[in-house]
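# Descriptive structure summary
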Amino acid sequence: MWYQKRPNGSYRFFERYNSPLTGKTRTVSVTYSKYNRSVVKDAQLELNDRINAKISEEREINTNLTLRSLADKFLKLYKQQVSYSTWYSADRGLTKICNDLGNETLAKKVTTTMLNRYLDNRLYDKESPLRNGGIQLVKKHISLMFKYGVKYGYLRSNPVDKVDITWRNEREHKADEIENKYLTDKEFSKILVDCHNQRRPDLEAMFTWLYLTGMRFSEAAAIQKKNIISKNGKWYARVNGSMVVLRDKDAVGPNNYVKSSSAKTSAGNRDVLLSEGALNIAQKHCIGKKDDDFLFINSINGLPMRETAVNRYLHRVQERQHISKKLTTHIFRHTHVSKLAEMGVPLFVIKRRLGHMNSKVTELVYLHITNREENQLEQKLNQLATILLPSKNK
């Protein structure tokens, strides 16, 4: 070990070690504000710790990693970078991918051809085929994992870069898809009647709230009493987080439910103007609650609402009420867009209200509704013209 005195009066201590990765000598250093026998001893101990950590890290770079090991390493870092729900989606997706391709398969042996075949098989599987959008997500998870492997020296290249998927023809499906994205007044009424018949006023209130505000379910589930605010004589619901359901074995009951520190996107942090109906729901659900309490609670278990459970309930509603559209919590958000479009609200105002920076579905629903309204206007104008035209019999 040796040291150098720096211009600011501090002391930098150095030590060399042989890198197991390159076989060459490398140097580590630590800095202390003074120099004495005790400092020298502490500096040597800290340098030894740093050298041991470096050697351990360099020896860890293993080009014979299995798929499962690579996934675990990637997911450990990814969890620190993204929201819990995004991480959980990747965790589930990569678990299936590793199971399908073989947990013990060496990551460096996975080829582009192998991935082409795997993705096409999942896209055209006879029993449970994925849609193009689903395959895009699978491809994304695989690519992120291999990109991590390349970045940290476990792999030389990312086999996903040259993947060529045989996409399904979904033009017919997309033509019918837009009208299935939102509810008619009759369909919405059926859902509320079903909630009433099933004695689920909690879900009736939640569905009405989503319909009136256009919020994402995770945003609505995370609304607290303190988020209902008044500004300039108007009432708003402040969206500043999303409900996260932890899949941790140590998180039980209420501890499973955590509000994130921010909405899904930067544009998602917003104040949503409340209509009279939405305000009535908010005020009713604020009664007897503390500021940090969530507004919407499952009446059966007394816990915050869980989107997967609510979607299962909507599936049963779909069957009981003979509704042909696939019902999920998101359909109320799209229905809100359709109603605002019918009222002539500009698209940029709708996007801001929904917390969208950019949404293709919102734009498609909006254009579909406005085109329909224009067609109806043309029909009415034609009717007006027939009234003015003189009759041939006259």
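See above for the structure.
Read on for an overview of the structure. (Residues numbered from 1 in each chain as written. Predicted model: local features only at pLDDT ≥ 70, side-chain atom pairs only at ≥ 80, totals over all residues. Heavy atoms only, no water.)

Glancing now at unusual backbone geometry. Even without being a glycine, Arg-199 presents a positive backbone phi close to 55°. Positionally, Arg-199 belongs in the loop between helix H7 (185–197) and helix H8 (201–213). With a phi close to 55°, His-322 is a non-glycine residue in the positive phi region. Secondary-structure assignment places His-322 in the loop between helix H11 (307–320) and helix H12 (330–342). Assessed through its relative accessible area of 71%, His-322 is described here as exposed. (Helix = DSSP H or I, 4+ residues; strand = E, 2+ residues; numbered from the N terminus. Buried < 20%, exposed > 50% of the residue type's maximum accessible area, 1.4 Å probe, protein only.)

One can find Thr-335 in helix H12. When residues no more than four places from it in sequence are discounted, the contact partners of Thr-335 are Tyr-182, Leu-183 and Tyr-211. (Contact = heavy atoms within 4.5 Å.)

Once that is clear, we can look at the environment of Phe-348. By the secondary structure assignment, Phe-348 is in helix H13 (residues 347–354). Assessed through its relative accessible area of 55%, Phe-348 is described here as exposed. Sequence separation between Phe-348 and Glu-363 is 15 residues, and the spatial gap between their C-alpha atoms is 9.8 Å.

Strands sit in the order E4-E5-E8 across an open sheet of 3 strands; the sheet is antiparallel. Here the strands that pair on one side only, and so sit at the sheet edges, are strand E4 (228–231) and strand E8 (270–273). Within the sheet, the average angular offset between the axes of one strand and its neighbour, ignoring direction, is 45°. (Pairing = 2+ DSSP bridges. Axes fitted to C-alpha atoms, helices over the stretch in contact; angles between N-to-C directions.)

Now for the packing of H7 against H8. It is the contact of H7 with H8, at a shortest axis distance of 8 Å, that shows an interaxial angle of 155°. Here H7 lies roughly antiparallel to H8, going by the angle between them. In this structure, H7 contributes Asp-185, Phe-188, Ile-191, Leu-192, Cys-195 and His-196 to the contact, and H8 contributes Leu-203, Glu-204, Phe-207, Thr-208 and Tyr-211. A class-by-class count of the residues in the contact of H7 with H8 yields 7 nonpolar, 2 polar and 2 charged. (Parallel < 35°, antiparallel > 145°, perpendicular 65-115°, else oblique. Nonpolar A, V, L, I, M, F, W, Y, C, P; charged D, E, K, R; others polar.)

Attention now moves to the sheet that holds strand E2 (residues 11–18). The strand order across the open sheet formed by 3 strands is E1-E2-E3, and the pairing between neighbours is antiparallel. The sheet is open, and its two borders are formed by strand E1 (2–5) and strand E3 (25–32), each paired with just one other strand. Here the strands of the sheet are splayed against their neighbours by 25° on average, with no regard to which way each runs.

A word on the packing of H12 against H13. Interhelical geometry of H12 versus H13 gives an angle of 150° and a closest axis separation of 10 Å. In terms of axis orientation, H12 runs roughly antiparallel to H13. Our pair here, H12 against H13, has a crossing hand that is right-handed. Each of Arg-333, His-336, Val-337, Leu-340 and Ala-341 in H12 lies in contact with H13, whose residues at this interface are Ile-350, Arg-353 and Leu-354. (Left-handed = near helix turned anticlockwise from the far one by under 90°.)

Taking 1.5 Å per residue, 14 residues should reach 20 Å; H11 reaches 20 Å between its end C-alpha atoms and fits that length. Along H11, the positions that sit buried rather than exposed are Val-310, Tyr-313, Leu-314, Val-317 and Gln-318. Take H11 and look down its axis: the buried residues cluster within an arc of 150°, on one side only. In H11, the exposed positions that point more than 90 degrees away from the buried face belong to Arg-312 and Glu-319. In this structure, the buried side of H11 is in contact with H7, H8, helix H9 (217–221) and H12. (Expected span 1.5 Å × (residues − 1). Arc of directions from axis to C-beta.)

Sheet topology places E4 next to strand E5 (residues 234–239); 4 bridges connect them, and they run antiparallel. If you follow Ile-228 over to E5, its bridge partner there is Ala-237. Between E4 and E5, which pair antiparallel in sequence order, lie 2 residues; one of them, Asn-232, sits at a positive phi of approximately 50°. Note that E5 and E8 share 4 bridges and pair antiparallel. The residue bridging Tyr-236 from the neighbouring strand is Leu-273, located in E8.

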